[in-house]
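What the coordinates show
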Amino acid sequence: MSPGAAVHVSEIRKHNSNDGKCGELAGVSATAAAQVTEARKHQANDPKCSELGWVCVPMVVETYGAWGKEATAIISSVASRLATSTCRPKSTILHKIYGRLNLNLVCANATAILSRIAPPP
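Residue numbers here run from 1 along each chain, matching the order of that chain's written sequence. Only residues with pLDDT of at least 70 get local features here, since the model is predicted, and only at 80 or more are side-chain atom pairs given and counted; chain-wide, interface and lining totals rely on the full set of residues. As a rule here, side-chain values come from all non-hydrogen atoms in the structure, and water together with hydrogens is ignored.

To continue, consider the side chain of His42. The way it works is that DSSP assigns letters per residue, a run of H or I at least four long becomes a helix, a run of E at least two long becomes a strand, and they are numbered from the N terminus. Checked against the element boundaries, His42 lands in helix H1 (residues 30–52). With residues up to four places along the chain from it excluded, the contact list for His42 reads Pro47, Cys56, Pro58 and Glu70. Contacts are assigned to residue pairs with any non-hydrogen atoms lying within 4.5 Å of each other.

What follows is the structure, given as structure tokens:
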């Protein structure tokens, strides 16, 4: 990735979503589903990202906890740079990054669930 290039962050894909695409991923491993979803995100977003001079990095996380290979690679790269600049172990940085991302995912899921509940009369 070139310096200054923007990174397009893609949405999280769930096996149990009702978007009409989940059926074809049923029965495959979470890792395989993450790879399929990464490919879809590239197909959908690469042309526009290229137009804008961005690099598309799909940040795919499956419901069962599998992270896409590209998401894992970019997180590892960020952790390496942070570890070097802060003189802290990369494992500590990775633990904090994944912890924060997981917390954000839980909060976003809770918000999505609560938004589906009808308001009280």
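Now, onward.
Our focus in this paragraph is helix H2 (residues 69–86). Expected helix span is given by 1.5 Å per residue-to-residue step, counting one fewer step than there are residues. Between its terminal C-alpha atoms H2 stretches 25 Å, which fits the 26 Å expected from 18 residues at 1.5 Å a residue. For H2, the set of buried residues is Ala71, Ile74, Ile75, Ala79 and Ala83. The elements touched by buried residues of H2 are H1, strand E2 (55–57) and helix H3 (90–115). Positive phi appears at Cys87, one or two residues downstream of H2, with a value of about 55°. Categorising residues by exposure relies on relative accessible area from a 1.4 Å probe, with only protein chains included: less than 20% of the type maximum marks a residue as buried, more than 50% marks it as exposed, and the intermediate range marks it as partly exposed.

Moving on, we come to unusual backbone geometry. One non-glycine residue, Cys87, lies in positive phi territory at about 55°. Considering the arrangement of structural elements, one finds Cys87 in the loop between H2 and H3.

Residues qualify for a patch when their relative accessible area is over 30% and they have no salt bridge, like charges being joined within 9 Å and the nonpolar side chains of Val, Leu, Ile, Met, Phe, Trp and Tyr within 5 Å. Here the open area of atoms and residues is found with the Shrake-Rupley method and a 1.4 Å probe, where only the protein chains shown may cover a residue. Each reported salt bridge corresponds to a side-chain nitrogen of Lys or Arg within 4 Å of a carboxyl oxygen of Asp or Glu. A cluster of nonpolar side chains, Ile113, Leu114 and Ile117, forms an exposed patch at the surface whose accessible area comes to about 320 Å². Overall, the relative accessible area of 52% leaves Ile117 in the exposed class.

Looking at the chain as a whole, its pLDDT mean stands at 81, while 78% of the residues score no less than 70. At the low end of the mean pLDDT range in the chain sits strand E1 (residues 7–9), at 40; at the high end sits H2, at 95. A residue's pLDDT is the confidence the predictor assigns to it, expressed on a 0 to 100 scale. Taken as a whole, residues 1–20 scores under 50 in pLDDT and shows 49 contacts with residues more than four places along the chain or in a different chain.

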